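# Survey of secondary and tertiary structure
The residues making up each chain are set out below.
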Amino acid sequence: MGTALVYHEDMTAARLLWEDPEYVALLRGTQALGTQELQALSGQYDAVYFHPRTFHCARLAVGAALQLVDAVMTGAVRNGLALVRPPGHHSQRAAANGFCVFNSVAIAARHAKQKHGLHRVLIVDWDVHHGQGTQYIFEDDPSVLYFSWHRYEHRRFWPYLRESDADAVGQGQGLGFTVNLPWNQVGMGNADYMAAFLHVLLPLAFEFDPELVLVSAGFDSAIGDPEGQMQATPECFAHLTQLLQVLADGRVCAVLEGGYHLESLSQSVCMMVQALLGDPAPPLSGPMVPHGSALESIQSVRAAQAPYWMSLQQQGAAPVLSPSTCSPEGKPSPLLPWGPEFKAAATQTMAALSSLLDKLCLNPTPPVRTAVALTAPDAALVLPPGVLCQERSALPEEMQAWARPHKALAQDKALTALGRVLYLLDRLLDGQVSSGIAATPAPATAATLDVAIRCGLSHGAQRLLCVAVGQLDRPPDLTDDGRNLWLNIGGKEAAAPSTFHVCVPLPGTTGGFLNCVLALVLPLAYSFQPDLVLVALGPAHGLRDPQAALLTALLRGPAGGRVLALIDEESTPQLVGVLARVLHGEAPPSLGPFSMASPEDMQALMRLRGPLEPQWKMLQVAASP
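These numbers were taken from a predicted model, which means no experiment stands behind them.

### Focus: the side chain of Arg609
Secondary-structure assignment places Arg609 in helix H18 (residues 599-612). For Arg609, a relative accessible area of 9% gives the class buried. If near-sequence neighbours (up to four positions away) are discounted, Arg609 is found in contact with His199, Ala519, Leu619, Gln620 and Val621.

### With respect to unusual backbone geometry
Here the bond from Arg85 into Pro86 is cis, since omega is 5 degrees, no more than 30 degrees from zero. Examined against the element boundaries, Pro86 turns out to sit in the loop between strand S2 (79-82) and helix H4 (104-116). A cis amide bond links Trp158 with the next residue in sequence, Pro159, at an omega value of 10 degrees. Residue position: Pro159 is located in the loop between strand S4 (144-151) and strand S5 (178-183). Unusually for a residue other than glycine, Ala47 sits at a positive phi of about 55 degrees.

### A short note on the packing of aromatic side chains
Scanning all chains against the criterion turns up 20 aromatic pairs. Ring geometry for Trp183 against Tyr193: centres 6.0 Å apart, planes inclined by 20 degrees, an arrangement best described as stacked. With Trp183 in strand S5 and Tyr193 in helix H6 (residues 190-208), this pair connects stretches of sequence that are 10 residues apart. Neither Trp183 nor Tyr193 differs from the other in exposure class; each is buried. Both rings, one in Phe528 and one in Trp616, keep their centres 5.9 Å apart while their planes meet at 85 degrees; by these two values the pair is edge-to-face. Here Trp616 lies in the segment after H18 and Phe528 lies in helix H15 (residues 510-528), a separation of 88 residues in the sequence. Under the relative-accessibility criterion, Phe528 is labelled buried at 4%. Within the aromatic cluster, the residues linked to one another by ring pairs are Trp126, Phe147, Trp149, Trp183, Tyr193, Phe197, Phe219 and Phe237.

### Here we look at the pairing of strand S7 (residues 252-256)
Counting buried residues along S7, five of its five residues qualify, which places the element largely inside the surrounding structure. Pairing of S2 with S7, which is carried by four bridges, proceeds in the parallel orientation. Bridge pairing in S7 links Ala82 to Val255. Running through helix H7 (residues 234-244), the crossover from strand S6 (residues 212-217) to the neighbouring parallel element S7 is right-handed.

### Topic: the environment of Leu518
Tracing the backbone shows Leu518 in helix H15. Judged by its relative accessible area of 4%, Leu518 falls in the buried class. With 315 residues separating them in the primary sequence, Leu518 and Pro203 have C-alpha atoms 7.4 Å apart. The contacts of Leu518, once residues within four sequence positions are left out, are Leu198, His199, Leu202, Pro203, Phe206 and Pro523.

### Structural notes on the pattern of salt bridges
Within the structure shown, the criterion is met by 13 salt bridges. Salt-bridge contacts for Arg454 lead to Asp450; the nearest nitrogen and oxygen are separated by 2.9 Å. Placement of both Arg454 and Asp450 in helix H14 (residues 445-458) is noted, with a separation of four residues, approximately one turn of the helix. We classify Arg454 as partly exposed; its relative accessible area is 25%. According to the relative accessible area criterion, Asp450 is buried, its value standing at 8%.

### Observations regarding the pairing of strand S3 (residues 121-125)
Counting buried residues along S3, five of its five residues qualify, which places the element largely inside the surrounding structure. Across the two faces of S3 the burial is the same, with Val121, Ile123 and Asp125 and Leu122 and Val124 all buried. Between the parallel pair S3 and S4, the chain is carried across by helix H5 (residues 132-138), and the sense of this crossover is right-handed.

### What to know about the sheet that holds strand S15 (residues 532-537)
Spatially, S9-S8-S10-S16-S15-S11-S12-S14-S13 is the arrangement adopted by the nine strands of the open sheet, whose pairing is mixed. A single partner strand is all that each edge strand has here, and the edge strands are strand S9 (388-389) and strand S13 (495-498). Pairing between S15 and strand S16 (residues 563-568): five bridges, direction parallel. If you follow Leu537 over to S16, its bridge partner there is Ile567.

Rules used throughout
- Residues numbered from 1 in each chain as written.
- Predicted model: local features only at pLDDT ≥ 70, side-chain atom pairs only at ≥ 80, totals over all residues.
- Heavy atoms only, no water.
- Helix = DSSP H or I, 4+ residues; strand = E, 2+ residues; numbered from the N terminus.
- Buried < 20%, exposed > 50% of the residue type's maximum accessible area, 1.4 Å probe, protein only.
- Contact = heavy atoms within 4.5 Å.
- Phe/Tyr/Trp six-rings, centres within 6.5 Å; stacked < 30°, edge-to-face > 60°.
- Pairing = 2+ DSSP bridges.
- Right-handed = clockwise from strand over helix to strand, strands pointing away.
- Salt bridge = Lys/Arg side-chain N within 4 Å of Asp/Glu carboxyl O.

Treat this as a map of the structure, not an account of what it does.
As structure tokens, this is what we get:
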């Protein structure tokens, strides 16, 4: 079984693992209270409304989270989502808060450590409100890395806390294990959320190396929600989920938090579930240009966290921006659901969502998720169930026409391999196959790649990204017409002959490789917004299997899963198998212990980024001065 969606009354049998028995007894007693008593008790807390069934529902929510963790940690399922109410991330040790009664995610983290012996748990809170309850519970605990982005507006948005700002980084042994990214303006969208993951969360997460990822999955951060007033579209949450699935061997447990616009909530949840199931995420809509305010926040949190994380220490983090000095006085009134502003915003949102959903319907999931085209069968190759072994080929006259300019494709073996590449490429472009792997003889790799680029561009791809790993030169007559972006990893030196032609040496450490992928490759890819990605592993490419798998897995996102990997026919069955698994939606293997990037690798990366940032905005990690 791959993904769990569970509900059963037995969930109420789960032990709450709550530290304050008096608080639990108080809530248990609410089952027998009348309306006036419930109202009086609710008034003792901030934004809490008790009902005689609240305690039962809150126990179900906790039980669902614990059963999901157990199922994932025992291997019964790969990942899952607990669809629960009430939410939990505002709840504190002895105080309900913000619709939350018990902090389900915090209890799940503690349960994972106690029952399953985990030492490192990552909690990602993408709800639009700060999960201050989770922060308070773990702020001195280095075994839990807590990341939260939230609408803050310089402390003018609920819960109006000073400790929601970027410089609140934990206490005692937990310094650096609380990561707050405050949004100081509304209207943050796909580019801002992706930039936050690429430039803040993922560098820290890879260094932390979690054994389990818990998501406080609040969708009031999605477009149309009256609380959040943000602009991230439903498919963005599929991308965020895919990025988290490369961590912790894919062990991701999400628990529903907020979300107050039913259409936006339902579509965003569906996008997340599709990603958990391994389906490719639809391409992101809209320009991938982060807001200046978002970059200011990213700059602040990177600077605040740099003293505690090797992955940020060499990146020239700017001084921490001054924390908010705004008082909570003058805080804006909530958008009331019966007011004219709410109705106008709801009307605009419905129109925007309707347009977005129409676009999503135009990108149906291909019937075949992954296909493999090899030059010869290999008995040692083990493929995941559902991966298609493709043996069909393009028509002979088409093969010969494309091969004619290349001497390396004159031999029968190379020509046969080219025919299978062309057939597979056409199936990707016509929507029959989502992703594929094709083998080619080593002497013909460069020529086959050249043909694949030209064929892709002539057969329907509007923007094609080629990530060539190893000693592979860019085709000399490939034009900088804005339709192709060539990125070579493994060149002799860092260089950008043009904004569409970038070369970087292959870093020699885990940290250097991750920096290259997260700070260069993915920002370029998401800025370019390709509809086809070619990943070419040339002869002597130098990547270990886990590195090749991670790179390929992460490149599923920018092009909506449409990835074709070209490999040497002499590649090991292990490499082919692991690439097939990640393209099919499974998690890549671990890179191993984190090691800091070398100064040479960091300098090469920084030299490249500066000239490229004006064209490719997702490279930016700080606001323009």
